[in-house]
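Survey of secondary and tertiary structure
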Protein chains: 2
Amino acid sequence: MLKLTFLGTSAGVPTKQRNVTALAIECLNPYSSGASRQQNKKSRPWVLIDCGEGTQHQLLHTKLSLHQLQAICITHVHGDHCYGLPGLLASAAMSGRTAALTLIAPKAIAKMLEAMRLTTELYLPFAIEFMAIEDILSEPNDEHKGDVTINVDHQHQLVIDIHPLSHRVASYGFGITQTISRRTLNTDKLTADGIPASALWGRLQQGEDVVTEDGRMLSSAEYVDNDSQRTRVVIAGDNDTPECLYAAVVDADLLVHEATYTHAVLNKIQAKNPDFDPMHSSAQLIGKFAQESGLSNLILTHFSARYQSFDNPQSRTPNMAHVRLDAQSAYVGNLWLAADFDQYIVNGAANLVDEEAGSRVQYLGSARAPKK
Amino acid sequence: MLKLTFLGTSAGVPTKQRNVTALAIECLNPYSSGASRQQNKKSRPWVLIDCGEGTQHQLLHTKLSLHQLQAICITHVHGDHCYGLPGLLASAAMSGRTAALTLIAPKAIAKMLEAMRLTTELYLPFAIEFMAIEDILSEPNDEHKGDVTINVDHQHQLVIDIHPLSHRVASYGFGITQTISRRTLNTDKLTADGIPASALWGRLQQGEDVVTEDGRMLSSAEYVDNDSQRTRVVIAGDNDTPECLYAAVVDADLLVHEATYTHAVLNKIQAKNPDFDPMHSSAQLIGKFAQESGLSNLILTHFSARYQSFDNPQSRTPNMAHVRLDAQSAYVGNLWLAADFDQYIVNGAANLVDEEAGSRVQYLGSARAPKK
C-alpha cells in the first residue's frame with residue numbers, strides 16, 4: 001500500500017496555487033498492528049520523486065519527515081524538477097539527519113550537487129549514495145538490468161525500475177513495486193495437533209522445520225500461512241511519447257504522467273514554433289495510451305501555468321476542465337488531475353483500507369486492470 | 001524614496017511563516033506626477049538583495065515584476081541566501097525577459113551559476129552582467145573604490161557600495177544610496193521679467209544660458225531651481241561584528257541587519273559548541289551598535305526558526321518578544337522586527353509622502369540621525 005502526496009503539479013514555473021514538480025510516496029504496511037500504525041503515522045518511510053524549487057517548503061505543510069526519507073529519484077535535469085535538491089539536503093543536515101540517503105538520478109545531478117557543495121560551502125553530515133541512472137541501465141546486476149532495491153524492513157521492500165522516455169533532455173520514468181510479506185502461524189492447527197505453545201512455534205514461524213520432544217517432524221510449510229501484498233505505481237518524468245512506458249505499466253496499479261497541455265494547445269505551440277518542440281504530452285495523448293494499455297488508474301500532473309482552476313468547459317479561457325475533457329476524449333478509466341497536497345492511497349489488494357486517511361485522500365483499490 | 005519588501009526573514013531554514021532571506025528594494029520617484037506614479041505602480045524598477053530558495057514563489061504574492069528587476073546583490077554564498085537564484089533566473093527567462101541583468105556577488109556565485117547552466121541545460125535569453133565583489137573592492141574605478149552605479153533614468157540613480165563583514169564565509173553589506181534630481185523652471189519670475197513662454201524656456205530648464213531675441217542674456221541658474229532627494233539604506237549580510245558597518249551607516253536613513261538570536265541564546269550556543277561558532281549577531285549586539293552609531297531606524301531580520309510568533313515576554317518558550325526586548329535593552333531608536341511581506345518606505349526628506357501605500361506599509365520619514 002503506497003500513499004502518494006503531490007507536492008508540486010505545475011510545469012516549468014510555480015504559480016500561486018501550484019508548485020513545480022515533486023511527489024512523495026510513503027510506504028504503508030497494511031499488516032502492521034493498529035498500535036504500530038499509530039506510531040508510524042507521523043513519520044513513515046518514504047521516497048521522493050523529483051524535487052523542484054520549494055519542495056522543502058511544501059513538506060512543512062505535511063507530516064513527512066526528512067529523517068524518514070529513504071531515497072530521492074530525479075527524472076531529468078530541468079530546473080523545475082531538481083532546483084530544490086540543494087536546499088532540501090541542507091535542511092536535512094540542519095535538522096540533524098545522519099543516515100545515508102540514496103539518490104537515483106542522471107549523472108549530471110551529481111555534478112550539480114558537487115558544484116553546489118564547493119561553491120556554497122554546503123556541508124552534509126550524511127552520505128549521499130548516488131546511483132547514476134545511466135549506470136543502472138547499462139550495468140546488469142545479479143537479477144536483471146535497470147532496478148534498485150530498497151529494503152524498508154525485513155518483510156517490506158521497494159524495487160525501483162527505470163524506463164527511458166522521450167524529452168528535450170534525457171528523461172526517465174520510475175516503476176515502484178512495493179512487496180510486503182507476512183508469515184502467520186496457524187495456532188488453531190498446532191493446538192488441534194496437540195503441539196503446545198513453546199519456542200518451537202517461533203522457529204516454525206521463521207520457516208524452520210522442527211522435531212518435537214516426542215520425536216514428531218513438523219514442517220513449517222504445514223503450519224505457516226505465507227501472505228504477501230504487492231502494489232506497483234509508475235511515475236513518469238517529462239515525456240512526449242507515452243508508448244515508452246508500455247512495458248512498465250503492464251501490471252501497474254497506477255500511472256502518474258505529465259499532461260502539460262491539451263492536444264489543441266500542444267498542436268498550436270508546435271505550429272507556432274516549428275524550431276522549438278517542447279516535447280511534452282497532451283492530456284489526450286496520455287489518455288489514449290492509458291486506454292490502449294488497459295490502465296485502471298491514471299493521475300495527470302505537470303500542468304502549464306495557463307491552466308488555473310476548474311472553470312466552465314465552454315469557456316474560451318484555458319482551464320483545467322479542458323484538460324480533463326481532453327483526457328476523457330480518449331480514456332474511460334479512473335482519472336484524476338492532481339493538485340498540490342492531494343493524496344492518493346494505492347492498494348494492490350482490494351480488501352485493505354487505511355483507517356487513518358482523511359476525507360481528502362482518494363482510494364485506488366483493486367487496481368489490476370482488465371484489458372479493455 | 002525607497003520601498004522595502006521583505007520576501008524572507010528566517011535564518012538557515014524556511015518555516016511555515018517565514019521564508020529564507022530575500023529583500024526587494026523598489027525605486028520610488030516622489031517627483032514624478034500622479035499619472036506616471038499610477039502607471040508605475042505595478043512595475044517599478046527594483047533591486048533584489050539575496051535570493052534564498054523560494055524567492056520567486058514569494059514574488060508571486062507581490063506586484064514586483066522580474067522584467068523591472070535592475071540588479072541582484074548576494075551578500076554571501078550560504079544556501080539560504082542564494083539557492084533561489086537559478087530558479088528565479090529560469091523563470092525570468094520563461095517570462096520573456098531579454099534585458100541584461102546586473103549581478104553583484106562573490107565570485108563563487110558565478111561559478112555556481114555556470115555549473116547550474118551546464119548541468120541542468122539552463123538557457124537564459126538575457127545577459128548576466130556579473131560584477132564580482134572581490135573585484136569591485138580591489139579595483140579602483142574613476143571615482144572611488146567599492147561601488148557600482150545603476151542609472152534608473154537620467155535623473156534617478158542608485159549607488160551601491162560594499163562593506164566586508166565578519167562571518168563563517170566572506171559576507172558583505174550593501175549601502176544603497178538613491179539620488180533623484182529635479183530642475184523646476186521659475187515661470188513666475190520669467191513672466192514677471194517679461195520673458196514669454198517659448199522654446200527658450202525649455203533650454204533654460206536644461207541648464208543652458210540663452211540670449212533672447214531682443215538681446216538679453218539669461219542665466220539658467222537664475223530661473224531654474226535645482227532640487228534633489230537622497231535616501232540611503234544599508235542592508236547587511238550575515239555578520240557577527242556590527243562595528244564593520246560604522247563607516248557605512250554614518251549618513252544612512254536605515255540599517256537592516258540580521259539578529260539570529262537573543263544574546264542569551266547566542267551565548268548558550270557558543271558555550272555548548274566551543275568548536276563551532278555560528279558567527280551571527282544577537283539582537284542586543286546590533287542594538288548596541290545602532291545606539292552607538294546614532295541610527296534612527298533599525299530593522300532586524302534573519303531570525304532563528306526557534307522564534308515563531310510574538311508571545312508573552314515572560315514565556316520560557318523562545319519567541320519574538322524576547323528578540324525585541326533584547327534589542328531594546330540597548331537601543332532606543334525606531335525598531336522593527338521584519339516579517340515576510342512587511343513593507344517599509346524610507347524617505348530621506350520628511351515632507352514627502354507616498355499616497356499609494358496601504359496600511360501595512362511603515363513610513364520611515366526624516367531619518368537623518370542626531371547623535372544620541
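Please read all numbers here as calculations on a predicted model, not as lab measurements.

Residue and element names in this part refer to chain A. Counting all residues, the mean pLDDT for chain A is 89, and 89% of those residues have values of 70 or more. Low pLDDT, under 50, characterises residues 350-360; the stretch is placed with 24 contacts to residues that sit more than four places away or in other chains. Taken as a whole, residues 366-372 scores under 50 in pLDDT and shows 24 contacts with residues more than four places along the chain or in a different chain.

Next up on the list: the relation of the copies chain B and chain A. Mapping chain B onto chain A calls for a screw motion: a turn of 180 degrees about the axis and a shift of 0.0 Å along it, with 0.1 Å RMSD after fitting. One copy is carried onto the other by what is essentially a two-fold rotation axis. Of the C-alpha atoms belonging to chain B, the one lying closest to the rotation axis is found on Gly54(B), 2.7 Å away. Looking at chain B, 100% of its interface residues are interface residues in chain A too, so the copies touch through the same face.

Here the focus is the interface of chain B and chain A. Across the contact, 33 residues belong to chain B and 33 residues belong to chain A. Counting each side, the surface lost to burial between chain B and chain A is near 2700 Å², with a carbon and sulfur contribution of 66%. When the area that chain B buries against chain A is broken down by residue, the three leading residues are Glu53(B), Tyr83(B) and Thr119(B), summing to 25%. Inspection of the chain B/chain A interface yields 0 salt bridges. Inspection of the region where chain B meets chain A yields 10 residue pairs in polar contact (both at pLDDT 80 or more). Mapped by element, the contributors of at least two residues to the side of chain B that touches chain A are helix H2 (55-59), helix H4 (85-94) and helix H5 (107-119) of chain B. If you tally residues by element for the side of chain B that touches chain A, the top one is H5(B), at 6 residues. In terms of residue class, the side of chain B that touches chain A is built from 15 nonpolar, 14 polar and 4 charged.

Residue and element names in this part refer to chain B. Although it is not a glycine, Met 279 sits at a positive phi angle of roughly 60 degrees. Within the secondary structure layout, Met 279 lies in the loop between helix H10 (263-272) and helix H11 (283-292). A positive phi angle, near 60 degrees, is found at His 302, a position not held by glycine. By secondary structure assignment, the location of His 302 is in the loop between strand S14 (297-301) and helix H12 (320-328).

It is worth spelling out the pairing of strand S1 (residues 2-8) of chain B at this point. All names here are of chain B. Most of S1 sits out of view: 7 of its 7 residues are buried. Sheet topology note: the S1/strand S2 (residues 22-27) ladder contains 6 bridges and is antiparallel. Residue pairing across strands places Leu 4 opposite Ile 25, the latter belonging to S2. As paired elements, S1 and strand S16 (residues 343-346) share 4 bridges and run antiparallel to each other. Directly across from Thr 5, in S16, lies its bridge partner Gln 343.

A few words now on the environment of Ser95(A). All names here are of chain A. Here Ser 95 lies in the loop between helix H4 (85-94) and strand S5 (101-105). Among the residues examined, Ser 95 registers a relative accessible area of 39% and is labelled partly exposed. Put simply, Ser 95 and Leu 66 are 29 residues apart on the chain and 8.1 Å apart in space, counted from C-alpha to C-alpha.

Moving on, we come to H4(B). All names here are of chain B. Within H4, 9 of the 10 residues are buried, which leaves the element mostly enclosed by the surrounding structure. Among the residues of H4, Leu 85, Pro 86, Gly 87, Leu 88, Leu 89, Ala 90, Ser 91, Ala 92 and Ala 93 are the ones counted as buried. Within two residues after H4, Gly 96 carries a phi angle of roughly 95 degrees, on the positive side.

Residues and elements named next belong to chain B. Secondary-structure assignment places Tyr 172 in strand S9 (residues 172-185). Separated by 66 residues in sequence, Tyr 172 and Pro 106 place their C-alpha atoms 8.9 Å apart. Residue contacts for Tyr 172: discarding those within four places in its chain leaves Thr 75, Pro 106, Ile 133, Glu 134, Leu 137, Ile 162, His 163, Pro 164, Leu 165, Ala 236 and Gly 237.

Moving on, we get to the pairing of strand S3 (residues 46-51) of chain A. All names here are of chain A. With 6 of its 6 residues buried, S3 lies for the most part within the structure. Where S3 meets strand S4 (residues 69-73), 4 bridges bridge the pair, whose relative direction is parallel. Opposite Ile 49, over in S4, you have Cys 73 as the bridge partner.

Here we come to the sheet that holds strand S13 (residues 254-258) of chain A. All names here are of chain A. As summarised here, the arrangement of the 7 strands in space is S7-S8-S9-S12-S13-S14-S15, forming an open sheet in which the pairing is mixed. On the outer flanks of this sheet lie strand S7 (147-153) and strand S15 (334-337), each paired with one strand and no other. For this sheet the average axis-to-axis angle between neighbouring strands, irrespective of direction, equals 20 degrees. Looking at chain direction, strand S14 (residues 297-301) and S15 are connected through 4 bridges and run parallel. Its bridge partner lying in S15, Asn 297 is registered against Asn 334. Across the sheet, helix H11 (residues 283-292) is in contact with S13 and S14; its angle to S14 comes to roughly 165 degrees. Set on the sheet, helix H12 (residues 320-328) makes contact with S14 and S15; between it and S15 the angle comes to about 155 degrees.

The next point concerns the packing of aromatic side chains. Evaluation of the coordinates by the stated rule reveals 6 aromatic pairs over all chains. A centroid spacing of 5.0 Å and a plane angle of 65 degrees characterise the contact between Tyr246(B) and Phe289(B), whose relative ring orientation is edge-to-face. Here Tyr246(B) is found in the loop between strand S12 (224-236) and strand S13 (254-258), whereas its partner Phe289(B) is found in helix H11, with 43 residues between them in sequence. Assessed through its relative accessible area of 0%, Phe289(B) is described here as buried. Pairwise contacts between aromatic rings join Phe6(A), Trp336(A) and Tyr344(A) into one cluster. The ring of Phe126(A) carries the charged tip of Arg97(A) above its face, separated from the ring centre by 5.7 Å.

Within this structure, the stated rule accounts for 22 salt bridges over all chains. In this structure, Glu26(B) and Arg44(B) form a salt bridge, with 3.2 Å as the shortest nitrogen-oxygen distance. Pair noted here: Glu26(B) is in strand S2 and Arg44(B) is in the loop between helix H1 (34-40) and strand S3 (46-51), with a separation of 18 residues, a long-range link. Taken as a pair, Glu26(B) and Arg44(B) share a single burial class, namely buried. Residue Lys189(B) is joined to Asp193(B) by a salt bridge in which the shortest nitrogen-to-oxygen separation is 3.7 Å. Here Lys189(B) falls in the partly exposed class, since its relative accessible area comes to 27%. Three or more residues are tied together by salt bridges with common partners; here these are Asp161(A), Arg230(A), Arg232(A) and Asp251(A).

This paragraph deals with the nonpolar core. Residues Ile72(A), Leu85(A), Ile72(B), Leu85(B) and Leu89(B) are the most contacted members of the largest nonpolar core, which totals 65 residues. With residues up to four places along the chain from it excluded, the contact list for Ile72(B) reads Leu48(B), Leu85(B), Leu88(B), Leu89(B), Leu101(B), Thr102(B), Leu103(B) and Ile104(B).

With that out of the way, let us pick up the environment of Gln308(A). Residues and elements named next belong to chain A. Here Gln 308 shows up in the loop between S14 and H12. A residue is classified by how much of its surface remains accessible, and Gln 308, at 34% relative accessible area, is partly exposed. For the pair Gln 308 and Met 320, spaced 12 residues apart in the sequence, the C-alpha separation amounts to 6.4 Å. Setting aside chain neighbours within four positions, we find Gln 308 in contact with Thr 15, Gln 17, Pro 318 and Met 320. Within polar-contact distance, the side chain of Gln 308 engages the backbone oxygen of Ala 305 at 2.7 Å.

Definitions and cut-offs
Residues numbered from 1 in each chain as written. Chains lettered and ligands numbered in written order. Predicted model: local features only at pLDDT ≥ 70, side-chain atom pairs only at ≥ 80, totals over all residues. Heavy atoms only, no water. pLDDT = per-residue confidence, 0-100. Contact = heavy atoms within 4.5 Å. Least-squares fit on C-alpha atoms with pLDDT ≥ 70 in both. Buried area = accessible area lost by both parts, 1.4 Å probe. Salt bridge = Lys/Arg side-chain N within 4 Å of Asp/Glu carboxyl O. Polar contact = N/O pair within 3.5 Å; in protein donor to acceptor, adjacent residues only side chain to side chain. Helix = DSSP H or I, 4+ residues; strand = E, 2+ residues; numbered from the N terminus. Nonpolar A, V, L, I, M, F, W, Y, C, P; charged D, E, K, R; others polar. Buried < 20%, exposed > 50% of the residue type's maximum accessible area, 1.4 Å probe, protein only. Pairing = 2+ DSSP bridges. Axes fitted to C-alpha atoms, helices over the stretch in contact; angles between N-to-C directions. Phe/Tyr/Trp six-rings, centres within 6.5 Å; stacked < 30°, edge-to-face > 60°. Lys NZ or Arg CZ within 6 Å of the ring centre and 35° of its normal. Core = buried A, V, L, I, M, F, W, Y, C linked by side-chain atoms within 4.5 Å.

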